[in-house]
Amino acid sequence: MQNLRARGQSPRFSESTTNTARAEEEGTLPATDLPRRHNIRNRIREMMMSRDREGNWWQSLFNANTSIGQRVLFVLAVLFTSVLYFGRTMRSDIRAGDGDGFPRGTNDSSRNSYHHYKHEASKTVLKPTDASKSHVLVTGGAGFIGSHGTLKLIEEGHVVTIVDNLSRGNEGALRALTKEISKLGKPKRSLRVIHGDLADVNVLNAAFETKPKVDKVIHFAAVAYVGESMADPNKYYKNVTSNTATLLQAMDRFKVNELIYSSTCATYGNPDVLPITEKTPTVPINPYGKSKLFAEEAIRDYAVANPEFRAVILRYFNVFGSDPKGRLGEYPRPELRKHGRISGACFDAALGSIEHLLVMGTNHDTRDGTCVRDFIHVTDLIDAHILAMEKATANPPSLYNVGTGRGVSVKEFVDACKKVTKVPIKVVEQKEARPGDYAEVYANVDKIEEELGWKARYVDLEESLGHAWKWRKKHPSGY
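Reading the values: the criteria
Residues numbered from 1 in each chain as written. Predicted model: local features only at pLDDT ≥ 70, side-chain atom pairs only at ≥ 80, totals over all residues. Heavy atoms only, no water. Helix = DSSP H or I, 4+ residues; strand = E, 2+ residues; numbered from the N terminus. Contact = heavy atoms within 4.5 Å. Areas by Shrake-Rupley, 256 points an atom, 1.4 Å probe, with all protein chains shown as cover. Buried < 20%, exposed > 50% of the residue type's maximum accessible area, 1.4 Å probe, protein only. Pairing = 2+ DSSP bridges. Patch = residues over 30% accessible without salt bridge, like charges linked within 9 Å, V, L, I, M, F, W, Y side chains within 5 Å. Salt bridge = Lys/Arg side-chain N within 4 Å of Asp/Glu carboxyl O. Axes fitted to C-alpha atoms, helices over the stretch in contact; angles between N-to-C directions. Parallel < 35°, antiparallel > 145°, perpendicular 65-115°, else oblique. Left-handed = near helix turned anticlockwise from the far one by under 90°. Core = buried A, V, L, I, M, F, W, Y, C linked by side-chain atoms within 4.5 Å. Expected span 1.5 Å × (residues − 1). Phe/Tyr/Trp six-rings, centres within 6.5 Å; stacked < 30°, edge-to-face > 60°.

## Focus: the overall build of the chain
So, point 1. Counting its secondary structure elements, the chain contains 16 helices and 13 strands.
So, point 2. Within the chain, contacts between residues at least 6 apart in sequence are counted, and of these 78% link residues at least 24 apart.
So, point 3. Here the chain displays about 23,500 Å² of accessible surface, and carbon together with sulfur accounts for 52% of that area.

The structure is reproduced here in structure tokens:
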């Protein structure tokens, strides 16, 4: 045994080796096993010798000077690289909202649907059969206004790519759009949906890097609540202003030179003279209006630097209503209702979802003390966008107000809502106005009527509310 130790061998190993050798000599091992057994025996000998020399045989597994160690280290390197790569890919795939995962408030349904919609990025839309039609990228296409815009575009023969992170949009609207495309007899590939954030360059590259090439962009996507902007201004400058600049950079990379931008009457603030024209000074009084105005300036500056670029900016007033045929509607997330439109709050109260309707601001210098707004039906607003896309893009960018030209007080609006719903809605009045609110705004729409031939069709308040109420009654819990 001492002689065996001197030769660097284990006695146990030597005994095993002797038995194996005897079996081989006696022919008790199959001939086909002999080379394999020799190979295994040599590897075991190497490991055991390493154990006796170094004290810990397992260290030989990670010793780069041995063949086994080299193989083990190679396998570990491959595994480590794979973990890094796939981990990075997964993080890139789920980047949405603020860039660090799903947007705050994203529900389970949206999280599950994400894994379906992200695959749409690899698909393509069909080329429009009519050469006069376009491939239009619609940001915020799952939202209230954006979904109505998408449906109208597809009805008219355009094809659409939607980019939406579903932080304010509604997955149900996407399902409704898919259903309506089938009913219209349009190809399924008239619509492509990419779930992602405009702040993510990878999302924008996926949206634009497709065939047929994107021809035009309608930029609806934005957070759009005055009160929220007062409480969290950075969210608005990032989501509205910064994301618009990022979108312009993507358009520049992919040589897309037409933009239709959805802006707001909030850029005007509290005007001294009414009605508001396109020449009314812009003095916004809340971060929402300011962020939209800064985005407008970014578009104008980009146009100066790029002569081939053309854009149109639409400053629209208070949007409400829904598709007259009942195909789409408005249903904000429950956590956002406190910021939502007055029409949605009226319907919530009528359906018993909330105990009462809160009217904020009853001491304004208006005819009944409540705010006065120009309420524009969503269908009329979308018609204005389509006309502007077809006729009004220019460099420098053109500008139009979109409204009815008529002011309606919040009190008058609530009275009309009671008539339409036939529910004695309980109203609670709060003298103090909502932070960042303005007293009275309504549009002069002469310019868009004269230059584009557009005019609001749904100017009867009760008729327009009737469209919205019909959809909401049918969908009390949303899509």
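## A short note on the pairing of strand S11 (residues 398-402)
So, point 1. Most of S11 is tucked away: five of the five residues are buried.
So, point 2. Burial of the side chains of S11 extends over both faces: Ser398, Tyr400 and Val402 are buried on one face and Leu399 and Asn401 on the other.
So, point 3. Where strand S6 (residues 310-316) meets S11, five bridges bridge the pair, whose relative direction is parallel. Its bridge partner being in S11, Leu314 is matched across the sheet by Tyr400.

## Let's talk about a nonpolar patch on the surface
So, point 1. A contiguous nonpolar patch, built from Phe74, Val75, Leu76, Val78 and Leu79 and spanning about 470 Å² of accessible area, is present on the exposed surface.
So, point 2. As for its placement among the helices and strands, Val75 is situated in helix H4 (residues 67-94).

## Some points on the pattern of salt bridges
So, point 1. Going through the model one piece at a time under the given rule, you end up with 21 salt bridges.
So, point 2. Across the pair Arg472 and Asp348 runs a salt bridge whose closest N-O atoms are separated by 2.5 Å. Of this pair, Arg472 sits in helix H16 (residues 461-474) while Asp348 sits in helix H12 (residues 342-351); the two residues are 124 residues apart in sequence, bridging distant segments of the chain. Neither residue differs from the other here; Arg472 and Asp348 are each classed as buried.
So, point 3. Residues Arg457 and Asp380 are paired through a salt bridge, measuring 3.8 Å at the closest nitrogen-oxygen approach. Here Arg457, found in the loop between helix H15 (446-452) and H16, pairs with Asp380, found in helix H13 (residues 378-391); they are 77 residues apart in sequence, far enough to count as distant.
So, point 4. Overall, Asp380 belongs to the buried group, its relative accessible area being 0%.
So, point 5. The network of salt bridges with common partners includes Lys152, Glu156, Asp380, Asp383 and Arg457.

## Considerations on the packing of helix H8 (residues 201-208) against helix H10 (residues 233-253)
So, point 1. For the pair H8 and H10, interaxial distance at closest approach is 10 Å and the crossing angle is 40°. Classified by the angle their axes make, H8 and H10 are oblique. Between H8 and H10 lies a crossing whose hand is right-handed. Contacts between H8 and H10 pair Val201, Leu204, Asn205 and Phe208 from the former with Thr246, Leu247, Ala250, Met251 and Arg253 from the latter.

## Regarding the pairing of strand S8 (residues 357-360)
So, point 1. Residues Leu357 and Val359 of S8 are buried on one face, while the alternating residues Leu358 and Met360, pointing to the opposite face, are not.
So, point 2. Where S8 and strand S13 (residues 427-430) come together, four bridges link them in parallel fashion. Pairing of Leu358 across the sheet is with Val428, part of S13.

## Structural notes on the environment of Lys325
So, point 1. Relative to the elements of secondary structure, Lys325 occurs in the loop between strand S7 (318-320) and H12.
So, point 2. For Lys325 and Trp471, which are 146 residues apart along the polypeptide, the C-alpha to C-alpha distance reads 8.9 Å.

## Observations regarding the nonpolar core
So, point 1. With 82 residues, the main nonpolar core has Ile145, Phe208, Val217, Met251 and Phe309 as its most contacted residues.
So, point 2. The element best represented in this core is H13, accounting for seven residues.
So, point 3. Contact partners of Val217, with chain neighbours within four places excluded, come to Leu137, Thr139, Phe208, Leu247, Met251, Val256, Glu258, Leu259 and Ile260.

## Points about H10
So, point 1. Taking 1.5 Å as the rise per residue, H10 with 21 residues should run 30 Å; its terminal C-alpha atoms sit 29 Å apart, in good agreement.
So, point 2. Within H10 the residues assigned to the buried category are Tyr236, Asn239, Val240, Thr241, Asn243, Thr244, Thr246, Leu247, Leu248, Ala250 and Met251.
So, point 3. Here the buried face of H10 lies against strand S1 (135-139), H8, strand S4 (216-219), helix H9 (226-231), strand S5 (258-264) and helix H11 (287-305).

## Observations regarding the side chain of Thr246
So, point 1. Counting through the fold element by element, Thr246 comes out in helix H10.
So, point 2. Those residues in contact with Thr246 that lie beyond four places of it in its chain are Leu198 and Leu204.

## Considering the packing of aromatic side chains
So, point 1. In this structure the tally under the stated criterion is nine aromatic pairs.
So, point 2. Measuring from ring centre to ring centre gives 6.2 Å for Tyr236 and Tyr288, while their planes differ by 80°; the resulting arrangement is edge-to-face. Remark: Tyr288 occurs in helix H11 and Tyr236 occurs in helix H10; sequence separation between them is 52 residues.
So, point 3. Residue Tyr236 is classed as buried on the basis of its relative accessible area, which comes to 0%.
So, point 4. On the basis of relative accessible area, Tyr288 is assigned to the buried category, the value being 10%.
So, point 5. For the ring pair Phe347 and Trp469, a centre distance of 5.2 Å and an interplane angle of 40° mean the geometry is tilted. Of this pair, Phe347 sits in helix H12 while Trp469 sits in helix H16, and the two are 122 residues apart along the sequence.

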